[in-house]
Amino acid sequence: MAEVSYVNASRIYPGNPIPAVNDLNLEVGDGEFMVLVGPSGSGKSTALRMLAGLEDIDTGEVRISGKDVSNKPPKDRDIAMVFQNYALYPHMTVAENMGFALKLKGVPRSQRDTRVREAAKLLDLERYLDRKPKALSGGQRQRVAMGRAIVREPAVFLMDEPLSNLDAKLRVETRANIAALQARLGTTTIYVTHDQVEAMTMGHRVAVLKDGELQQCDTPRALYDRPANAFVAGFIGSPAMNLKTVPLTEGGAKVGDLLVPLTRTVLDAAKAASLSEITIGIRPESFKVSTDEAGLALHVDLVEELGADAYVYGTAHLGDTDEQVVVRVADRAVPEMGQTIRLTVVPDETHVFSPASGERLG
Amino acid sequence: MAAIETTVVRSTASDTTARPGGIRPSRRRRSRPASIALHAGLITASFIAIFPVFWVLVTSFKPTADAYSTALWRNFTFENYSSVLDSRFPRWFLNSVIVAMLTMALGVFISATCGYAMSRFRFPGYRPLMWLFLLTQMFPVAILIVPIYNIMTRLGLIDTYWSLILAYCTVAVPFCSYLLKGYFDTVPIEIDEAGRVDGLTPFGTFWRLIVPLARPGLAVTAFYTFLTAWGEVAYASKFMTSEKQYTLAFGMQVYVGQFKTEWGDLAAASIMVTVPALVVFYVVQKYLVSGLTAGGTKG
């Protein structure tokens with residue numbers, strides 16, 4: 001059983017007052033695909049490297065299959081890692097690259113060759129076994145890096161942004177391949193990315209990190225529907241959720257000319273915290289263009305047509321200031337630049353956060 | 001892209017006085033007289049550099065009596081070579097070869113491990129160490145020869161190969177460590193990490209992964225250490241006291257007598273001294289190829 005846990009794990013680089021990873025507590029089940037996502041500097045790569053044994057763990061511990069591996073070198077942790085820029089051995093052929101770890105363990109040659117060939121078959125690399133990395137394309141090198149990890153049959157796969165260096169189309173294709181491969185092999189996988197689309201599409205569960213701290217760890221659907229704080233709300237989903245600080249009134253929030261009704265739970269929570277203003281989050285698809293004159297007035301600045309739908313970027317007057325708002329328009333009747341349209345909000349699709357702490361209310 | 005390149009190529013091949021129009025702003029092409037002058041200058045400089053060596057070769061095939069003549073060919077003879085080979089020369093040759101080869105082996109090993117440590121590990125005192133390597137190169141031999149002689153005496157190494165090997169390592173290793181550190185810095189650290197994850201010890205990573213990738217740097221280091229040991233005179237003259245232990249650099253002085261210089265013998269000896277250095281260079285220059293780490297990592 002290859003479960004992974006981080007127990008109060010922290011890493012502070014010497015000379016830095018702020019920890020790179022601060023008191024991380026995370027449980028990954030056997031066979032689970034866990035994605036660590038966050039902006040640059042959020043500590044996700046550091047957390048992965050702590051698990052790999054490439055970074056020291058200053059406090060707390062890391063466990064694989066229930067055993068504390070915090071002080072063990074990487075080779076004793078039964079892991080395999082896929083690096084962002086592949087880290088293939090340039091002077092060895094593809095077959096030698098993939099078989100190297102087994103060679104070091106003393107696996108006999110025939111067995112080694114069989115396992116390498118099986119992995120190559122899985123990844124469609126059989127034609128390239130005798131080539132050196134410099135004779136391969138980016139996508140092929142990435143598959144060799146994965147093959148090198150698969151051949152070792154480890155307890156845990158660690159992947160550090162493996163798709164970052166691929167072009168967009170190849171990225172989409174490889175994303176699906178990696179997810180399918182993991183489902184087939186059933187190996188516990190920890191995957192680091194800064195791309196929330198990868199996180200949402202590949203992970204069984206996603207852990208969102210910011211400044212070294214875990215913000216929320218949940219299924220992609222839960223992260224999307226019930227973000228725990230304003231950061232997660234703004235990070236997950238593209239284009240980002242509209243987050244605006246607006247005054248609270250009886251029964252709802254006043255967004256420009258529009259009164260957005262809020263549930264009893266939210267209003268009680270806001271009153272308990274003595275808030276007169278709240279941060280309201282409305283996703284672009286939660287706005288509806290209204291046909292009558294009621295609703296929030298939006299002056300259209302830019303329309304991005306993506307084929308199936310369009311995103312309208314506009315300015316709305318909220319309180320004293322003009323704020324940018326993004327709206328998704330799903331039909332072909334797309335407003336034009338310079339036009340003013342009226343918006344209403346789909347009820348029950350709003351999210352409310354405290355302006356001070358960013359925590360979800362209700 | 002191809003269209004632009006062919007346009008430029010075509011216009012340089014054509015009449016040099018015409019200015020090309022079109023896509024790229026033109027560079028000033030060299031006019032014919034300037035080209036001739038440049039080539040003439042280069043030919044002269046090459047001639048000045050190569051001629052003395054060539055003349056030594058010519059002199060080695062002439063008897064000493066004819067050494068001053070300006071003819072290229074006068075009484076062609078091998079007697080200089082045979083007379084040199086009949087003397088202590090072969091023994092000195094052997095001494096030089098042993099000292100130079102061992103200096104090369106030891107020097108490369110120490111420089112490579114040291115350069116790797118400075119490149120990858122942040123051990124306490126690594127910055128002062130790098131400074132020390134730079135500073136010690138500023139000391140001239142004249143200052144160092146007495147202290148090193150004393151050390152060698154106390155170690156009982158005078159008149160043995162090891163006195164010279166160790167002394168030459170002090171000359172070559174700091175420079176070569178720095179050179180190799182720079183070279184190892186170009187090898188991405190992810191390769192080390194991949195090696196660690198695969199199960200290599202730090203020395204294993206060094207030996208099996210990094211060294212094969214640093215061949216050009218190691219080739220230069222090997223050649224530099226060899227040459228330092230091969231041509232050095234000052235330490236060799238003082239640390240080797242018995243005649244049969246002399247290295248070539250020192251031994252060749254016997255041909256310069258008080259009243260007369262044996263030009264023929266000296267020329268022949270000089271040519272023979274050059275040969276091993278040429279052989280080492282030939283072997284080493286095969287490794288001076290670029291593109292060794294291509295494909296290992298992205299970019």
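That block above? That's the structure.
Remember, predicted model here, so these are calculated numbers, not experimental data.

About the cut-offs
Residues numbered from 1 in each chain as written. Chains lettered and ligands numbered in written order. Predicted model: local features only at pLDDT ≥ 70, side-chain atom pairs only at ≥ 80, totals over all residues. Helix = DSSP H or I, 4+ residues; strand = E, 2+ residues; numbered from the N terminus. Pairing = 2+ DSSP bridges. Buried ≥ 20, exposed ≤ 12 C-beta atoms within 10 Å, placed from the backbone.

Novice: What is the right way to look at unusual backbone geometry in this model?
Specialist: It is generally the case that most residues other than glycine have a negative phi and that most peptide bonds are trans. All names here are of chain A. Here the amide bond leading from Ser 238 into Pro 239 is cis, since omega sits at -5°, within 30 degrees of zero. Counting through the fold element by element, Pro 239 comes out in the loop between α8 (230–235) and β11 (242–249). Despite not being glycine, Asp 78 shows a phi value in the positive range, around 60°. Within the secondary structure, Asp 78 is located in the loop between β5 (67–68) and β6 (79–82). Of note, Asp 211 is a non-glycine position whose phi angle comes to about 50°, a positive value. Mapped onto the elements of the fold, Asp 211 is located in the loop between β9 (205–210) and β10 (213–218).

Novice: I would appreciate a short explanation of the pairing of β10 of chain A in the present structure.
Specialist: Moving residue by residue along a regular strand, the side chains alternate between the two faces of the sheet. Residues and elements named next belong to chain A. Here β9 runs beside β10; their pairing, made up of 5 bridges, is antiparallel. When the bridges of β10 are listed, Ala 207 appears paired with Cys 217. Between β9 and β10, which follow one another and run antiparallel, lie 2 residues, and Asp 211 among them has a positive phi close to 50°.

Novice: Which parts of the structure should I look at to understand the sheet that holds β5 of chain A?
Specialist: Within a sheet, neighbouring strands are paired by backbone hydrogen bonds and run either parallel or antiparallel to one another. All names here are of chain A. The sheet built from 4 strands is open, its strands ordered β2-β1-β4-β5 with antiparallel pairing. Of all the strands in the sheet, the pair left with one neighbour each is β2 (21–28) and β5. Sheet analysis places strand β1 (residues 4–11) next to β2, joined by 5 bridges and oriented antiparallel. Residue pairing across strands places Ala 9 opposite Leu 24, the latter belonging to β2.

Novice: Help me understand the pairing of strand β14 (residues 277–282) of chain A, please; the structure alone is not making it clear to me.
Specialist: Residues and elements named next belong to chain A. With respect to burial, β14 is a largely interior element, 5 of its 6 residues being buried. The pairing of β11 with β14 spans 6 bridges and is antiparallel. Paired with Leu 243 across the two strands is Gly 281, which belongs to β14. Relative to strand β20 (residues 350–353), β14 runs antiparallel, the two being bridged by 4 bridges. Each residue of the ladder has a partner; that of Gly 281, found in β20, is His 351.

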